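Notes for the structure review
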Amino acid sequence: IYVEDVAEAFIKAIKLKNYKGVINLGSGKKTSVLEICKIVEKKLNGSNRLFNNIGKKLNLKNNTGLSADISLAKKIINWAPKHDLRKAIELGSPII
């Protein structure tokens, strides 16, 4: 999830008056650690360093992925991320 998307959600949530509870933020799409490694590797000029050094040790091929349920964020604060995972990594690439 891209930091600007998180900031937008925080601003909307701060404006809520009578809500007390947790609102999940995320992409809303199931993503595995292996998928993230592959996207970052592509950003690093096709290097396989992440998967070769981390992925094999952690057996990431069997990781089916995780996803935050953002339905409450959509309903309560009318929020959904504007950036997908690839775009968020691309925009954050100067720090990679």
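Just so we're clear, the structure is a prediction, and the values are computed from it rather than from any experiment. (Residues numbered from 1 in each chain as written. Predicted model: local features only at pLDDT ≥ 70, side-chain atom pairs only at ≥ 80, totals over all residues. Heavy atoms only, no water.)

Moving on, we come to the overall build of the protein. When you go through the protein residue by residue, the secondary structure sums to five helices and zero strands. Along the chain direction, N to C, the helices and strands of the protein fall in the order α-α-α-α-α. Among the 96 residues that make up the protein, the fraction classed as buried is 26%. Within the protein, counting contacts between residues at least 6 apart in sequence, those at least 24 apart form 79% of the total. Counting every atom, the protein has about 7100 Å² of accessible surface; 54% of that belongs to carbon and sulfur. (Helix = DSSP H or I, 4+ residues; strand = E, 2+ residues; numbered from the N terminus. Buried < 20%, exposed > 50% of the residue type's maximum accessible area, 1.4 Å probe, protein only. Contact = heavy atoms within 4.5 Å. Areas by Shrake-Rupley, 256 points an atom, 1.4 Å probe, with all protein chains shown as cover.)

Let us now look at the pattern of salt bridges. A complete count under the given rule lists two salt bridges for this structure. The closest approach of N and O atoms between Glu8 and Lys82, which form a salt bridge, is 2.8 Å. Here Lys82 lies in the loop between α4 (71-76) and α5 (85-91) and Glu8 lies in helix α1 (residues 3-14), a separation of 74 residues in the sequence. Residue classification places Lys82 among the exposed residues on the basis of a relative accessible area of 61%. Sharing partners across several salt bridges, the network here consists of Glu8, Lys12 and Lys82. (Salt bridge = Lys/Arg side-chain N within 4 Å of Asp/Glu carboxyl O.)

What follows is about the environment of Val22. With respect to the element layout, Val22 can be found in the loop between α1 and α2 (33-43). Measuring from C-alpha to C-alpha, the distance between Val22 and Leu72 comes to 8.9 Å, with 50 residues separating the pair along the chain.

This part takes up the nonpolar core. Membership of the largest hydrophobic core is limited to six residues, which are Ala9, Ile23, Ile70, Ala73, Ile77 and Trp79. With near-sequence residues (within four places) excluded, Trp79 lies in contact with Ile1, Asp5, Glu8, Ala9, Lys12, Leu25, Gly26, Ile70, Ala73 and Lys74. (Core = buried A, V, L, I, M, F, W, Y, C linked by side-chain atoms within 4.5 Å.)

Let us now look at the side chain of Asp5. Looking at where Asp5 falls in the secondary structure, it is placed in helix α1. The side chain of Asp5 is buried and forms no salt bridge, while Lys82, the nearest opposite charge, is found at 5.7 Å. From its side chain, Asp5 meets the backbone nitrogen of Lys82 in a polar contact 3.1 Å long. Discounting residues that sit within four places of it in the chain, Asp5 has contacts with Trp79, Pro81, Lys82 and His83. (Lys, Arg positive; Asp, Glu negative; His and termini not counted. Polar contact = N/O pair within 3.5 Å; in protein donor to acceptor, adjacent residues only side chain to side chain.)

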